[in-house]
Amino acid sequence: MALFAALQTTFLLVLLPLGTYQRKVLSEPRPLTPESLEVSINSTCQCLHLQWSIHSLPHHQELQMIFQIQISRITTSSVVWVGNYSTTVKENQILQWSWESELPLECATHFVRIRSVMDDARFPKPRSWSKWSSWEEVDAQDSLGHNALFVFPKDKLVEEGSSVTFCYVSRSNLNNVSCYLDGEQIHGEQLTPNVSTFHLSHVRYKRTTGTNIYCEMKQGRKLAGTVLYVSKVLEEPKNFSCETQDLKTLKCTWDPGSDTALTIQPSSNYTLFESFSQKKKVCEDRNWCSWQVTQDSQEMYNFTLMTENYLRKRSVNLVFKLTHRVRPMTPLNFILENINSRNATVTWKVRPIGNSTFQCQVELHHDGQVIQQNNVFIKVNGKYLLSEMEPDTHYLARVRCAYGNHFWKWSEWIDQKFTTLEAAPSVAPDVWRNVRSLPGGYDVTLFWKPLSKSHANGEILFYNIAVESLDKSSKFNLSIPAPHNDTKLTLNKYSYQIHVTANNSMGTSPASVIVIPGEPGHKEIEEERVKGTENRFSLSWEPQSRDAIGYVVEWCDHPQDPLCGLQWQKLGPNTTSTVISSDAFEQGVRYNFRIYEISPGWIASLLEKKTGYSQELPPSDNPQVTTSSLTSHSFTLNWKDYSTESQPGFIRGYNVYLKSKMEQCTSGFERITPSDDSAGCRHKIDNPEQKTFHVENLEPASSYEFFVTAYTSAGDGPNGTFTKVTTPDEYTRMLTHIVVPVILCILLITVLFYFQIQWMKEKCYPDIPDPYKSSVLSLIKSKENTHLTIMNLKDCIPDAIEVVNKPEGSRTQPLGTGKPLTETELTKPATYLYLLPTQENPSGSGPCICFENFTYNQAASDLGSSGHVPVPPSTPPSQLGLLYSPENLLKALEKYYTNSLGEIPAGETHLNYVSQLASPMPGDKDSLPTDPPVQAQCSEYKMQMAVPLGPASSPPSEDTSLSSTAILDQGEHYC
Amino acid sequence: MKVLAAGILSLLLVLHWKHGAGSPLPITPDNATCTTRHPCPSNLMTQIRNQLLQLNSSASALFIAYTAQGEPFPSNVDKLCGPNVTDFPTFHADGTEKDKLVDLYRIIAYLGASLGNITRDQKALNPKDQNLHSKLSSTADTMRGLLSNVLCRLCNKYHVSHVDVSYGPDTSGKDVFQKKKLGCQLLGKYKQVIAELVQAF
């Protein structure tokens, strides 16, 4: 029994917990499936809006539940999003939830289902999900209308840098649709047979009016589009700060950043919220806002600046104590008083803030720079003395103040410009002179430099020149108005002391003294060369005397100009070197420097002369070279006219370039570039004064080219053309020197021989022997016939007289006419005087018959004639007169010269031999016989000469030479 | 919507300038008395013709200025801005002067209302395009004068004080691209019609 009781108790103990457990499990409510799920589309935000409810909540309590939502696209199986939504659910409560779709909802059908699970701590775990609700389909394409083409989403607003998806819905074939973004085609992906999507990543802001996105259907001329608005990202306000000027009003400022306004989105608005007072104010401006300080002495402020646009919200916070944010107003009544040449007083006021003091800062500006700065503490009225200023100088004084109890920020500046008063010039003008000797005096030109502003102490009105003779008591003054800086004085040959002072409205400067000595020294000083660097020359000199009070270096900035631009630099007595620099120095220009020593008596004496270039340049031109002394082995080059002084550098010498076909350079030359034949050889002349060069050791009959250029330290002169020289042949020279004299000698001998032969011929074997001189005659006389005599010349009637080498000025007269010859005719070297009447000379008074020279007529000689055909003495004059006509003349000729004519027909030969008169005797040259030719002796034989058969020219012919010819008609010939 | 309604209402009041404006008006009988709020000038037809000429001369420039608001408008004028406005009032060029004036009144009333919508839309969508705004305002001003003169003529000569008019679609609820497109279509139609009206008068 006891055992039974124990088993029963154990059984009960086991069953009791089991029963308790069973009760607890049963108390868990069964999963609650969401009901009445409704899904709608909000196109504006591209959101799916879900509504559902939970019925039969256990115990009519509020329960924490988790809803799991699944969203599919196109088909239920293609789930695009799964997520949980946790909320507290009441009995019969309509639950709402939204989901924003990346893809425009009009582009595809969407399906939604939902299930739930208890998430309440009062119910034990594990908890099971309810069943899914049925799929709820949402298709926006049903309500699109009847258009053929749509583009979604409409009027899309996104932030810069985000991504956005577009789609088009077509009612026809997709292949015919092209889409563009701002005119540029974009390519998408086909989502369904009639929908394609376009994904744009990291879109950029372009304009406030948005960007058109449109699609066009090639067929049907359909076009649909939408506008994409890209907003700049709303920035958090920067530099948010608040301050007060009077502890009554706060002014808060900030930097809003980029404006996000678009045509569909207004500029972001700004709102101030103060947490202690719980007050809020909407600001009218984008970057500042005023806040009225409460009268309840609120010390601490906690501001939140909020801003928002359609896409984003931003806010910044600021906590401060009011009295730590005081920035006083700009000071008032800023006045400058008691301004003189060195000092001025400034006064000002501040608006009081309670009993607080103010720290004020006074600044003095000159030429945009702060030259004085001082802090002063004031209550309301401020005052400060500005000192150590320069006369006649523009200044700007200004002042600002800060809250004295706690420094936060300075107020704005208040300023005023002013000018100090003038003072007398503080230094003597820097004076120099140029002295030019004149007969009995000097031309002295005084130059002075304008005083610097710091020394002038005001506007210089004039310069006073006081000239005092040191030799005799004379003195005069000149006043030169500013801004003149030179004047010319003509002085006698005395010593003068000149004082120059500058004057402004407040007084006179110290005087500058110069002494012009009566007798200038004439010391020959050698010019020394100096080398400049860029725009400076370093000069040094040797002091001449120990008591010099200073030195002056003088030069011209523009030495090539007539005005020269005289410059000078005054140096102290212990200075023996200086650097002269000037922006006017140019390269290639020679500058001459003169260094003067100033004696204690203010007399300047020339110490040294320097010359140099800031930078030497190569010569600007080359010498004009001439050649001389050309031989077969040498020639000489000369360029004596080349000026070395006008070059842009010191001429150091000359380079003579020589080119030839020979490989080796002649002695004295060096090949400059062996690989380049055109470069040739060079001879360097180191002496710039050597302006001639003898090129020797050349090859005869060779061609050489030379080119001479000057050089400076910067190099050779400009490139020029080579001049060609050809050396003569050696034999030619020999010929010139030997053969020519030989030929001349031969010619001389020939001439001598010729005259000798003539003489010998005349003497020994003349062409026409003189019968009187012949020994034959005596021989004949003695042996055969004593009656034989020599024909008397008087029996012969000459036909023509040849005048040979008739001297100019001699007078002659045509025979038969008596008509005097003209001067032109008289100057003829040889003239025939026709004795036979011709057409041109019809009035010939008498015939003259000559004889043919039978020496040239073989037939005549064969007749055994002695060569003399005497004219029949019986021929009457009247018969001779018939010869005037050509026919008669021809007949006469036929009669006497039958053989001759028969052997030399006129038509077959070109030459006729006509007889000529014998050369007149030397005694006939000066005076021709003026008697009628009838009286002349014509028995002499004439020499034969060849005459071309041409048209007869009227005698005397212009073409006749020493042996002129009387020419008859063609085919006819007369003696 | 309130703003939109107020805009339309004010536009219609401005267009008609008399009591009862804003509702379709029947043509009054010929023997009915007709009065105008303002004295009518004597050379009404000349003024009407000049105003038509003025509108015609500026229509092209207005159309070009409108289409200069980015692609696709400048290069797709034929697709976007074709004058295919379905409910546009008809014009019978072969009718009597009275009939033509009545048709003209209806057309100008339609165009005036549409131009008001375009002006409102463009001021919101293209606030910086002063060139377009000035051209739209100038055209609207001329249309108001023309409408007044046509009404005077109808009233004085033909004793017509009420004409039934219709208006184009309200664009206030449409998306931006659609607003631009509808405005372009209306201006294309206006350019075409105003040339026909000049020929008819």
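Residues numbered from 1 in each chain as written. Chains lettered and ligands numbered in written order. Predicted model: local features only at pLDDT ≥ 70, side-chain atom pairs only at ≥ 80, totals over all residues. Heavy atoms only, no water.

Asks: Explain the overall build of chain A to me, using residue names and the numbers behind them.
Replies: When helices and strands are counted, chain A shows ten helices and 58 strands. Considering only residue pairs separated by 6 or more positions, chain A has 66% of its internal contacts joining residues 24 or more positions apart. For chain A, the accessible area works out to roughly 54,400 Å², and carbon and sulfur atoms hold 51% of it. (Helix = DSSP H or I, 4+ residues; strand = E, 2+ residues; numbered from the N terminus. Contact = heavy atoms within 4.5 Å. Areas by Shrake-Rupley, 256 points an atom, 1.4 Å probe, with all protein chains shown as cover.)

Asks: Hey, could you go over the overall build of chain B for me, with residue numbers and the actual values?
Replies: Helix and strand content of chain B: six helices and zero strands. Secondary structure elements of chain B, listed N to C terminal, follow the sequence α-α-α-α-α-α. Here chain B, with 201 residues, has 50% of them falling under the buried criterion. Long-range contacts, defined here as pairs at least 24 residues apart, represent 82% of the contacts in chain B between residues at least 6 apart. When the accessible area of chain B is evaluated, it comes to approximately 9,200 Å², of which 55% is carbon and sulfur surface. (Buried < 20%, exposed > 50% of the residue type's maximum accessible area, 1.4 Å probe, protein only.)

Asks: Hey, could you go over the nonpolar core for me, with residue numbers and the actual values?
Replies: Judged by nonpolar contacts, the single largest core of 59 residues is most densely connected at B:Leu52, B:Leu101, B:Leu104, B:Leu154 and B:Tyr190. Listing elements by their share of this core, those giving two or more residues are β16 (222-231) of chain A together with α2 (44-67), α4 (97-125), α5 (130-158) and α6 (176-200) of chain B. The biggest single contributor to this core is α4(B), with twelve residues. For B:Leu52, the contacting residues outside a window of four places in its chain are B:Leu104, B:Leu146, B:Ile194, B:Leu197, B:Val198 and B:Phe201. (Core = buried A, V, L, I, M, F, W, Y, C linked by side-chain atoms within 4.5 Å.)

Asks: Give a detailed account of the interface of chain B and chain A, specifying residues and quantitative values.
Replies: Listed as interface residues are 18 residues of chain B and, on the opposing side, 17 residues of chain A. Approximately 1,400 Å² of surface area, both sides summed, lies buried where chain B meets chain A, with 52% of it carried by carbon and sulfur atoms. In this assembly, chain B and chain A are joined by one salt bridge. Between A:Lys154 and B:Asp175 there is a salt bridge, with its nearest N and O atoms 4.0 Å apart. Where chain B meets chain A, there are four residue pairs in polar contact (both at pLDDT 80 or more). At the level of elements, α3 (77-80), α4 and α6 of chain B are the ones that each hand at least two residues to the side of chain B that touches chain A. Top contributing element to the side of chain B that touches chain A by residue count: α6(B), with four residues. Each residue belonging to the side of chain B that touches chain A can be placed in one class, and the counts come to eight nonpolar, four polar and six charged. (Buried area = accessible area lost by both parts, 1.4 Å probe. Salt bridge = Lys/Arg side-chain N within 4 Å of Asp/Glu carboxyl O. Polar contact = N/O pair within 3.5 Å; in protein donor to acceptor, adjacent residues only side chain to side chain. Nonpolar A, V, L, I, M, F, W, Y, C, P; charged D, E, K, R; others polar.)

Asks: Before we move on, can you summarise the confidence of the model for chain A with the specific residues and values?
Replies: Residue and element names in this part refer to chain A. Mean pLDDT over chain A stands at 77; residues scoring 70 or higher make up 73%. Low confidence marks residues 1-7, where pLDDT is under 50. Its contacts with residues over four positions away, or in another chain, come to zero contacts. Predicted confidence for residues 806-975 stays below pLDDT 50, and this span has 269 contacts to residues more than four positions away or in other chains. (pLDDT = per-residue confidence, 0-100.)

Asks: Give a detailed account of the sheet that holds strand β23 (residues 313-321) of chain A, specifying residues and quantitative values.
Replies: Residue and element names in this part refer to chain A. Taken together, the four strands give an open sheet; going across it, the order is β20-β19-β22-β23, and neighbouring strands pair in antiparallel fashion. Of all the strands in the sheet, just β20 (279-283) and β23 have a single pairing partner and so form its edges. Ignoring which end each strand starts from, the neighbouring axes of this sheet average 20° apart. Looking at chain direction, strand β19 (residues 269-274) and strand β22 (residues 300-308) are connected through six bridges and run antiparallel. Looking at the pairing, leucine 272 lines up with leucine 305 of β22. (Pairing = 2+ DSSP bridges. Axes fitted to C-alpha atoms, helices over the stretch in contact; angles between N-to-C directions.)

Asks: How would you explain α6(B) if you had to name every residue and give the values?
Replies: Residue and element names in this part refer to chain B. An ideal rise of 1.5 Å per residue puts 36 Å on 25 residues; α6 measures up with 36 Å between its terminal C-alpha atoms. Counting buried positions along α6 gives 19 out of 25 residues, so the element sits mostly inside the fold. Its side-chain oxygen at 3.1 Å from the backbone nitrogen of phenylalanine 177, aspartate 175 defines the N-terminal cap of α6. (Expected span 1.5 Å × (residues − 1).)

Asks: Please provide a residue-by-residue account of the packing of α2(B) against α5(B), values included.
Replies: Residue and element names in this part refer to chain B. For the pair α2 and α5, interaxial distance at closest approach is 9 Å and the crossing angle is 155°. For the element pair α2 / α5, the angle class is roughly antiparallel. Between α2 and α5 lies a crossing of left-handed hand. Looking at side-chain class alone, the contact of α2 with α5 contains 15 nonpolar, ten polar and two charged residues. (Parallel < 35°, antiparallel > 145°, perpendicular 65-115°, else oblique. Left-handed = near helix turned anticlockwise from the far one by under 90°.)

Asks: Lay out α2(B) in plain terms, naming residues and giving numbers.
Replies: All names here are of chain B. Taking 1.5 Å of rise per residue, the 24 residues of α2 would be expected to cover 34 Å, and the 34 Å separating its terminal C-alpha atoms lies within 8% of that figure. At alanine 59, α2 is deflected by roughly 35°, the largest bend along its length. Those residues of α2 that sit buried are Leu44, Met45, Ile48, Gln51, Leu52, Leu55, Ala59, Leu62, Phe63, Ala65, Tyr66 and Thr67. The inward-facing, buried residues of α2 abut α3, α4, α5 and α6. (Bend = angle between axes of the 7 residues up to and from the residue.)

Asks: Tell me about unusual backbone geometry, and name the residues and values.
Replies: Residues other than glycine predominantly adopt negative phi, and peptide bonds predominantly adopt the trans conformation. That bond from A:Ala482 to A:Pro483 is cis: its omega, 10°, falls within 30 degrees of zero. Each neighbour pair has its own omega, and for B:Glu71 with B:Pro72 the value is 10°, a cis peptide bond. Relative to the assigned elements, B:Pro72 resides in the loop between α2 and α3. A positive phi angle, close to 70°, is found at A:Ile74, a residue other than glycine.

Asks: Help me get a handle on the state of the cysteines, residues and values and all.
Replies: For the structure shown, the criterion picks out ten disulfides over all chains. Between A:Cys242 and A:Cys252 runs a disulfide, and the two sulfur atoms are separated by 1.9 Å. One disulfide, between A:Cys242 and A:Cys252, carries an S-S torsion of 105° and so falls in the right-handed class. Of this pair, A:Cys242 sits in strand β17 (residues 238-244) while A:Cys252 sits in strand β18 (residues 249-255), and the two are ten residues apart along the sequence. Accessibility expressed as a relative area gives 0% for A:Cys252, which makes it buried. One disulfide in the model links B:Cys81 with B:Cys184; its S-S distance is 1.8 Å. Note on the B:Cys81 and B:Cys184 pair: the S-S dihedral is about 85°, so by sign convention the disulfide is right-handed. Placement of the pair is B:Cys81 in the loop between α3 and α4 and B:Cys184 in helix α6, with a sequence separation of 103 residues. (Disulfide = S-S within 2.5 Å.)

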